[in-house]
Protein chains: 2
Amino acid sequence: MPSDKPLERTIYVGPFVHSKTFDELELCEDGAIGVDEKGKITFVDRHGTGVSNRPGWESAKVVRISGKGFFFPGFIGPDSHIHASQYPNLGIFGKSTLLDWLQTYTFPLEGSFSDLEKARKIYNRVVARTLANGTTTAAYYATIHVPATNLLADICQTRGQRAFVGRVCMNSTLSPDYYRDESAEQAIKASRECIEHVKKIDPANELISHIITPRFAPSCTKESLKMLGDLHRETGVPCQTHISENKNECELVKELYPESKSYAGVYDDAGLLTDKMILAHAVHLTQEEKELIRDRKSKISHCPASNTAITSGCCRVRELMDTGIDVGLGTDVSGGFSPSILEVTRQAIWVSRHIAMHEGDHVKLSTEEALYLATRGGAKVVGLEDKIGGFDVGKEFDAQMVRLDEVQDGDDELDDEDGPVDIFGNESFENTVAKWVYNGNHQNTVAVWVKGRLVHQTKKFAA
Amino acid sequence: MPSDKPLERTIYVGPFVHSKTFDELELCEDGAIGVDEKGKITFVDRHGTGVSNRPGWESAKVVRISGKGFFFPGFIGPDSHIHASQYPNLGIFGKSTLLDWLQTYTFPLEGSFSDLEKARKIYNRVVARTLANGTTTAAYYATIHVPATNLLADICQTRGQRAFVGRVCMNSTLSPDYYRDESAEQAIKASRECIEHVKKIDPANELISHIITPRFAPSCTKESLKMLGDLHRETGVPCQTHISENKNECELVKELYPESKSYAGVYDDAGLLTDKMILAHAVHLTQEEKELIRDRKSKISHCPASNTAITSGCCRVRELMDTGIDVGLGTDVSGGFSPSILEVTRQAIWVSRHIAMHEGDHVKLSTEEALYLATRGGAKVVGLEDKIGGFDVGKEFDAQMVRLDEVQDGDDELDDEDGPVDIFGNESFENTVAKWVYNGNHQNTVAVWVKGRLVHQTKKFAA
């Protein structure tokens with residue numbers, strides 16, 4: 001658990017890496033990032049060795065990287081899409097695709113979150129696990145249960161993770177009797193209760209926000225979508241849902257909403273397609289839908305691990321970006337098999353290569369571009385691009401310290417605490433970063449800060 | 001390093017999992033596997049709790065799984081394809097595809113293995129790393145250097161890994177001046193020296209075999225391929241090479257070998273396409289080539305992580321299996337980004353799902369099928385299906401102990417030694433295995449045995 005002591009002025013000294021633009025990383029080998037008592041970045045020095053003489057910062061605390069490593073922004077947006085309640089089902093999907101997966105694996109588990117003690121155990125673990133994987137901002141889907149949803153908000157606040165916490169709304173008969181909102185009115189009432197709870201625990205939304213969460217069009221009725229759209233307009237609270245993940249789902253939406261022009265049109269008709277809407281998946285969008293989404297300034301959370309695992313299809317990230325839509329990454333636990341945005345970053349790269357096999361090299365996402373999606377892209381998706389996403393003066397310090405193990409002569413036994421990346425010492429800084437991207441895991445994220453507060457650390461951080 | 005004390009009779013007590021058939025796992029929750037002083041499996045008991053009274057085994061050593069976990073066969077075949085010398089380049093490939101990747105990243109690194117101390121450091125690490133990832137049998141590509149290749153064989157023997165060690169043959173001008181065999185004759189002479197070395201250190205090939213290794217057709221001349229084919233027939237030593245990984249490569253082979261009917265035909269013409277040949281990749285084979293390979297009983301090593309990372313294409317595993325070809329898995333380090341066959345098992349599943357998006361669900365590999373490729377499939381590929389691949393009486397005990405962490409109430413901090421898989425306690429045994437497959441890593445492989453000898457362990461094994 002993070003300490004609740006007031007923050008000290010701190011200088012983070014060592015190499016740092018962050019996105020400059022969509023396709024370019026800044027690789028600074030001798031950096032120093034000054035963070036004030038409110039967790040804000042006050043200066044970023046590219047020649048950090050002399051930093052201790054900086055006026056006003058002579059007695060600042062110094063956090064230095066020992067050995068090979070670098071500071072990297074906390075992963076964000078990411079999860080611009082994570083079903084916290086589904087965490088225990090990670091890796092469990094068999095050969096299913098979306099609609100049968102929901103009925104077989106997902107609804108029974110989510111339904112059990114009426115049990116608050118069960119919810120506490122799982123949510124505590126999800127937040128600990130995502131923080132340990134460097135996720136400093138998450139947009140969570142909880143369940144329909146108000147107490148458990150509020151508990152997740154409490155846990156995020158206590159553990160210091162920046163979070164959007166959504167109470168899932170679903171009143172249509174697609175959902176089983178045992179796990180469904182009684183009515184549209186009841187869904188709205190429950191959402192209001194969750195909004196009120198967040199207002200109480202974090203009135204200025206410093207870390208925690210509610211997010212209005214119709215599960216997806218087939219789980220809702222036209223009436224409930226409309227009422228959620230009204231709630232969105234009335235309160236200004238952001239919203240999230242799924243769109244166009246799977247072909248059968250798209251067919252189903254056509255049947256259920258014959259009067260809407262398209263799947264995106266369903267949300268637009270309800271007043272939900274705004275610049276505060278995060279749409280997960282977006283695999284099978286038409287060109288018209290893409291343009292509508294761009295015109296409405298809605299955001300997309302790309303969930304490549306999930307899309308591959310349950311064979312939904314390949315989201316065209318390059319096309320979305322070229323259309324002018326903001327894209328971030330989501331784990332989509334547990335359709336996605338991993339809670340790690342670093343794994344999802346790799347999966348985004350793999351998916352782009354699979355598209356490239358059919359459509360040519362221009363659609364490939366580079367390492368740099370995928371890391372952008374995981375940080376600044378995600379920040380735009382959750383509407384916090386002015387606050388987080390990179391090491392810029394005025395932004396809040398949401399960061400992870402990445403440390404990589406150097407292979408020593410004769411050091412040939414691997415143990416539990418040894419991470420997956422081997423550094424031989426003659427790698428360029430750029431290639432060191434690449435080695436982390438392609439083989440790194442939670443063991444390399446030795447410390448994590450949100451708004452300047454240390455919210456996760458491993459023994460290697462102290463070492 | 002493994003102890004060289006004589007083995008004791010040992011009973012491995014606890015759940016075990018292995019492949020029964022291509023699409024079926026045996027999940028035994030109460031097993032006991034008896035292994036004799038030579039490392040051979042003497043009995044497999046499916047109701048293991050009463051095993052201590054077995055006549056002749058009353059005083060046998062007992063190795064028990066504490067907590068959640070199971071015994072699983074060591075990964076094999078796997079790497080039916082790994083370039084040991086390329087290990088330091090893991091994750092470093094940029095946007096390259098095969099032919100430019102070779103020139104930019106690969107040849108310069110391999111060329112440096114004339115330095116035996118460098119080779120020692122890297123090879124020691126590769127073997128330690130693959131063992132730690134549960135790979136009990138590897139087929140290695142070394143480099144053209146005889147001393148370094150022999151050193152790799154020595155290291156495998158000392159560390160106790162079953163290995164096929166190949167001295168790479170490449171005399172064509174595709175390779176740069178600084179890294180090429182002088183002539184076909186010199187390539188054969190060097191290969192013979194390596195064959196002799198293995199005869200000296202392991203005359204019965206108990207663990208180590210040489211493997212004749214023409215890099216791939218474009219790296220060799222027609223003459224050298226023919227001479228390697230003759231060497232193969234003369235000595236009976238197995239062989240390995242690459243085939244049909246990338247479309248430009250296939251075009252190049254057509255140009256270089258106009259008189260051969262096909263890429264597979266090039267190897268066939270040289271007398272290399274036999275039942276002891278391992279062909280890596282096989283992405284763009286024609287139906288005729290598949291049938292030729294089946295008729296010659298040659299084997300295929302599927303390298304999905306590599307094929308995706310450098311955008312080579314998707315190997316049709318289902319088609320190959322249906323044609324009657326034996327298939328195993330290879331990491332193809334460092335075209336492949338990971339040294340872990342468990343990661344490659346996942347990648348095989350992802351690639352099959354990407355093919356399924358275009359060709360339908362029947363091509364999907366299930367979890368069970370992918371695990372088969374990683375164990376029994378691999379055993380067939382390296383010609384050791386009578387010795388290893390599963391827990392059958394008469395086979396040698398090549399195994400890993402998998403241990404998964406159970407989430408305890410209030411246990412919400414993650415540290416360096418915590419693995420990636422969270423078990424909540426109410427998972428079925430089948431789903432526990434699935435959780436390992438989709439999120440497990442080296443931290444879950446707490447002990448590894450080859451031929452009954454403990455060759456890797458972590459602190460959690462003792463705990």
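Residues numbered from 1 in each chain as written. Chains lettered and ligands numbered in written order. Predicted model: local features only at pLDDT ≥ 70, side-chain atom pairs only at ≥ 80, totals over all residues. Heavy atoms only, no water.

## A short note on the overall build of chain A
And then number 1: If you tally the helices and strands in chain A, you get 14 helices and 19 strands.
And then number 2: Whereas a compact globule of 463 residues would reach a radius of gyration of roughly 23 Å, chain A reaches 22 Å, a difference of no more than 12%.
And then number 3: The principal-axis extent of the C-alpha atoms belonging to chain A is close to 65 × 50 × 45 Å.
And then number 4: Expressed as a percentage of its 463 residues, the buried residues of chain A come to 67%.
And then number 5: Excluding contacts between residues fewer than 6 apart, the proportion of contacts in chain A whose partners are at least 24 apart in sequence is 73%.
And then number 6: Entry remark: accessible area of chain A is about 15400 Å², with carbon and sulfur atoms responsible for 48%. (Helix = DSSP H or I, 4+ residues; strand = E, 2+ residues; numbered from the N terminus. Rg over C-alpha atoms; globule rule 2.2 N^0.38 Å. Buried < 20%, exposed > 50% of the residue type's maximum accessible area, 1.4 Å probe, protein only. Contact = heavy atoms within 4.5 Å. Areas by Shrake-Rupley, 256 points an atom, 1.4 Å probe, with all protein chains shown as cover.)

## Brief notes about the pattern of salt bridges
And then number 1: If you walk through the whole model with that rule in mind, you get 73 salt bridges over all chains.
And then number 2: Close ionic contact of A:Arg162 with A:Asp398 constitutes a salt bridge, the shortest N to O distance being 2.8 Å. Residue A:Arg162 is found in strand S8 (residues 162-166), and its partner A:Asp398 is found in the loop between helix H12 (367-381) and strand S16 (399-406); the two are separated by 236 residues along the sequence. Per residue, the accessibility class of A:Arg162 equals that of A:Asp398, and both read buried.
And then number 3: When salt bridges with common partners are traced through the structure, they connect A:Arg125, A:Arg129 and B:Asp422 into a single cluster. (Salt bridge = Lys/Arg side-chain N within 4 Å of Asp/Glu carboxyl O.)

## Digging into the relation of the copies chain B and chain A
And then number 1: Between chain B and chain A, which share one sequence, the superposing operator has a rotation angle of 180° and an axial displacement of 0.0 Å; the RMSD is 0.0 Å. Expressed as an axis order, the relation between the two copies is that of a two-fold axis. Scanning chain B for the C-alpha nearest the rotation axis identifies B:Glu417, at a separation of 2.1 Å.
And then number 2: Interface residue correspondence from chain B to chain A reaches 100%, placing this contact among same-surface, isologous pairings. (Least-squares fit on C-alpha atoms with pLDDT ≥ 70 in both.)

## Side note on the interface of chain B and chain A
And then number 1: With 69 residues of chain B at the interface, the matching set in chain A holds 69 residues.
And then number 2: Here chain B and chain A share an interface that buries about 6300 Å² over both sides, 52% of which is from carbon and sulfur atoms.
And then number 3: For chain B, the biggest contributors to the area lost against chain A are B:Arg125, B:Leu414 and B:Asp416; these three give 12% of the whole.
And then number 4: Here chain B is connected to chain A by twelve salt bridges.
And then number 5: Taking the shortest distance from any N to any O, the salt bridge between A:Asp422 and B:Arg125 comes out at 2.8 Å.
And then number 6: Taken together, chain B and chain A are joined by 39 residue pairs in polar contact (both at pLDDT 80 or more). (Buried area = accessible area lost by both parts, 1.4 Å probe. Polar contact = N/O pair within 3.5 Å; in protein donor to acceptor, adjacent residues only side chain to side chain.)

## Description of the nonpolar core
And then number 1: In this structure, A:Tyr267, A:Trp436, B:Tyr267 and B:Trp436 are the most contacted members of the largest nonpolar core, which totals 159 residues.
And then number 2: For B:Tyr267, the residues in contact, after removing those within four places along its chain, are B:Phe216, B:Ala217, B:Leu225, B:Thr241, B:His242, B:Ile243, B:Leu272, B:Leu273 and B:Leu279. (Core = buried A, V, L, I, M, F, W, Y, C linked by side-chain atoms within 4.5 Å.)

## Concerning helix H11 (residues 341-359) of chain A
Residues and elements named next belong to chain A.
And then number 1: With 19 residues, H11 extends 26 Å between its outermost C-alpha atoms, agreeing within 8% with the 27 Å of an ideal straight helix rising 1.5 Å per residue.
And then number 2: Of all 19 residues that make up H11, 16 are buried, and the element is covered over most of its length.
And then number 3: Its side-chain oxygen placed 3.1 Å from the backbone nitrogen of Leu 342, Ser 340 serves as the N-cap of H11.
And then number 4: Phi for Gly 360, located one or two positions after H11, is positive at around 105°. (Expected span 1.5 Å × (residues − 1).)

## Quick notes on the packing of helix H2 (residues 116-132) of chain B against helix H3 (residues 146-159) of chain B
All names here are of chain B.
And then number 1: Their axes nearest at 9 Å, the elements H2 and H3 cross at an angle of 35°. For the crossing formed where H2 meets H3, the hand is right-handed. Taken together, the residues of H3 that come into contact with H2 (itself represented by Leu 116, Ala 119, Arg 120, Tyr 123, Asn 124, Val 127, Ala 128 and Leu 131) are Pro 147, Ala 148, Leu 151, Leu 152, Ile 155, Cys 156 and Arg 159.
And then number 2: When the residues that make up the contact of H2 with H3 are grouped by side-chain class, the tally is twelve nonpolar, one polar and two charged. (Axes fitted to C-alpha atoms, helices over the stretch in contact; angles between N-to-C directions. Left-handed = near helix turned anticlockwise from the far one by under 90°. Nonpolar A, V, L, I, M, F, W, Y, C, P; charged D, E, K, R; others polar.)

## Here we look at the sheet that holds strand S13 (residues 277-281) of chain A
The pairing of strands in a sheet happens through backbone hydrogen bonds and is either parallel or antiparallel.
All names here are of chain A.
And then number 1: An order of S12-S13-S14-S15 is seen for the four strands of this open sheet, with the pairing classed as parallel. Only two strands of the sheet have a single neighbouring strand rather than two, namely strand S12 (239-243) and strand S15 (327-329). Each strand axis lies, on average, 30° off the axis of its neighbour in the sheet, ignoring direction.
And then number 2: Pairing analysis gives three bridges linking strand S14 (residues 299-302) to S15, with the strands arranged parallel. Each residue of the ladder has a partner; that of His 302, found in S15, is Leu 329.
And then number 3: Each of S13, S14 and S15 touches H12; the most contacted strand, S15, lies at about 115° to it. (Pairing = 2+ DSSP bridges.)

## Quick word on the domain arrangement of chain A
All names here are of chain A.
And then number 1: The domain boundaries assigned to chain A delineate domain 1 (10-73 + 390-462) and domain 2 (82-381).
And then number 2: Relative to domain 2, the C-alpha centre of domain 1 lies at a distance of 30 Å.
And then number 3: In this assembly, 32 residues from domain 1 lie in contact with 27 residues from domain 2.
And then number 4: Looking only at domain 1, the three residues that lose the most surface to domain 2 are Phe 22, Val 437 and Tyr 438, adding up to 30% of its buried area.
And then number 5: The tally of links from domain 1 across to domain 2 stands at four salt bridges.
And then number 6: In this structure, Asp 392 engages Arg 376 in a salt bridge whose closest nitrogen and oxygen atoms are separated by 2.7 Å.
And then number 7: Between the two partners, domain 1 and domain 2, sit nine residue pairs in polar contact (both at pLDDT 80 or more).
And then number 8: Among the elements of the structure, strand S1 (10-21), strand S2 (24-35), strand S5 (68-73), S16, helix H13 (429-439), strand S18 (445-450) and strand S19 (453-457) are those that each provide at least two residues to the side of domain 1 that touches domain 2.
And then number 9: Its residues placed into classes, the side of domain 1 that touches domain 2 shows 13 nonpolar, eleven polar and eight charged. (Domains from an automatic or database assignment.)

## What to know about the packing of helix H4 (residues 184-201) of chain B against helix H5 (residues 222-235) of chain B
Residues and elements named next belong to chain B.
And then number 1: Closest axis-to-axis distance for the H4/H5 pair is 9 Å, and the angle between their directions is 30°. With respect to H5, the element H4 is oriented roughly parallel. In this structure, H4 meets H5 at a crossing whose hand is right-handed. Across the interface between the two elements, Ala 184, Glu 185, Ile 188, Ser 191, Arg 192 and Ile 195 from H4 touch Glu 223, Ser 224, Met 227, Leu 228, Leu 231, Glu 234 and Thr 235 from H5.
And then number 2: Its residues placed into classes, the contact of H4 with H5 shows six nonpolar, three polar and four charged. (Parallel < 35°, antiparallel > 145°, perpendicular 65-115°, else oblique.)

## Some words on the side chain of A:Lys299
Residue and element names in this part refer to chain A.
And then number 1: For Lys 299, the location among the structural elements is in strand S14.
And then number 2: The buried category is assigned to Lys 299, whose relative accessible area is 10%.
And then number 3: Residues contacting Lys 299, with those up to four places away along its chain left out, are Asp 275, Met 277, Ile 278, Leu 279, Asp 326, Lys 380 and Val 381.

## Here's the deal with the packing of aromatic side chains
Residues and elements named next belong to chain B.
And then number 1: The tally for this structure, following the rule as stated, stands at 41 aromatic pairs over all chains.
And then number 2: Each ring, one from Phe 43 and one from Trp 57, has its centre 4.9 Å from the other, and the planes form 90°; the classification is edge-to-face. One end of the pair, Phe 43, is in strand S3 (residues 41-45); the other, Trp 57, is in the loop between S3 and strand S4 (61-64), with 14 residues separating them in the sequence. The exposure classification of Phe 43 matches that of Trp 57, with both residues buried.
And then number 3: Measuring from ring centre to ring centre gives 5.9 Å for Phe 397 and Trp 449, while their planes differ by 55°; the resulting arrangement is tilted. Of this pair, Phe 397 sits in the loop between helix H12 (367-381) and strand S16 (399-406) while Trp 449 sits in strand S18 (residues 445-450); the two residues are 52 residues apart in sequence, bridging distant segments of the chain.
And then number 4: The buried category is assigned to Phe 397, whose relative accessible area is 0%. (Phe/Tyr/Trp six-rings, centres within 6.5 Å; stacked < 30°, edge-to-face > 60°.)

## Thoughts on the pairing of strand S14 (residues 299-302) of chain B
Residues and elements named next belong to chain B.
And then number 1: Residues Lys 299 and Ser 301 point to one face of S14 and Ile 300 and His 302 to the other, with burial holding for every one of them.
And then number 2: Of the strand pairs in this sheet, strand S13 (residues 277-281) and S14 are connected by three bridges, and their pairing is parallel. Along S14, the bridge assignment pairs Ala 280 with Ser 301.
And then number 3: What joins S13 to S14 is helix H8 (residues 287-296), and the crossover it makes is right-handed. (Right-handed = clockwise from strand over helix to strand, strands pointing away.)

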